[in-house]
Amino acid sequence: LNKPPIYDRPQLVKDSIENNTPIYYFGLGSNMLREKLENRGMNGTKIDILTMEAAIVPNYRLAFNLRGFPPIEPGMGSLEPVDANSQALLKYEKDECHGALIKLSPENYEKVMRSEGVGNTATRSTEQGYE
């Protein structure tokens, strides 16, 4: 796999690609299932996961606020900060989002991004990882 261009990428991603250091991805929905994520590579390529564990992001919630591909997938989930302007239909006891913290090589992180529809020059907000 060729290294993708790194302009217009978050600095965290640029640093990871330039230094060939692992990067963390916060998986939601079907990306919380290891087997599903491993098989999402383009053209039948496998996504190799270094580590994967349950994680919580405080002060964020799961929101289906991204347009999908109707009628198959009309909307997609993303993280949204919880604040006074949030338009949540339901209020949960704790303001937090549960998911999977996934450690990937830069090459495999880019495979995940492409499987999510992020182009080589797309800007993507970074996920803050923790161990």
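Conventions we followed
Throughout this description, residue numbers start from 1 for each chain and increase along the sequence as written. With the structure being a predicted model, the display of local features is reserved for residues of pLDDT at least 70 and the display and counting of side-chain atom pairs for 80 or more, all residues being used for whole-chain, interface and lining totals. Values reported for side chains reflect all heavy atoms of the structure, with hydrogen atoms and water molecules removed beforehand. A run of H or I in DSSP becomes a helix once it reaches four residues, and a run of E becomes a strand once it reaches two; helices and strands are each numbered from the N terminus. Burial here depends on accessible area, computed with a 1.4 Å probe over protein chains only, as a share of the maximum for the residue type. Under 20% is buried, over 50% is exposed, and the range in between is partly exposed. In this analysis, two residues are considered to be in contact whenever any of their non-hydrogen atoms come within 4.5 Å of each other. Accessibility throughout is a Shrake-Rupley quantity obtained with a 1.4 Å probe, and a residue counts as covered only by protein chains that appear here. Note on geometry: axes are lines fitted to C-alpha atoms, helical ones only across the stretch in contact, with angles between N-to-C directions running from 0 to 180 degrees. Angle categories: roughly parallel below 35 degrees, roughly antiparallel above 145, roughly perpendicular from 65 to 115, and oblique for all the rest. Three categories are distinguished: nonpolar for Ala, Val, Leu, Ile, Met, Phe, Trp, Tyr, Cys and Pro, charged for Asp, Glu, Lys and Arg, and polar for the others, with Gly belonging to the last.

Bringing the overall build of the protein chain into the picture now. A tally of regular secondary structure across the protein chain gives three helices and five strands. When each of the 131 residues of the protein chain is scored for burial, the buried share is 34%. Restricting the contact set of the protein chain to residue pairs at least 6 apart, pairs at least 24 apart contribute 64%. Within the structure as shown, the protein chain displays about 8600 Å² of accessible surface, and the carbon and sulfur contribution to it stands at 51%.

To continue, consider helix α3 (residues 106-115). The buried fraction of α3 amounts to eight of the 10 residues, a majority that puts the element mostly inside the structure. Those residues of α3 that fall on the buried side of the exposure criterion are Pro106, Asn108, Tyr109, Glu110, Lys111, Val112, Met113 and Ser115. Packed against the buried residues of α3 are α1 (11-19), β1 (23-27), α2 (34-38) and β5 (96-104). Gly117, located one to two residues past α3, shows a positive phi value of around 90 degrees.

Let us look at the packing of α1 against α3. Two numbers describe how α1 lies on α3: the axes approach to 9 Å, and their chain directions differ by 135 degrees. As the angle between them shows, α1 and α3 are arranged oblique. Here Val13, Ser16 and Ile17 of α1 come into contact with α3, specifically with Pro106, Tyr109 and Glu110. In terms of residue class, the contact of α1 with α3 is made up of four nonpolar, one polar and one charged.

Geometric descriptors of this kind do not, in isolation, establish any biological role.
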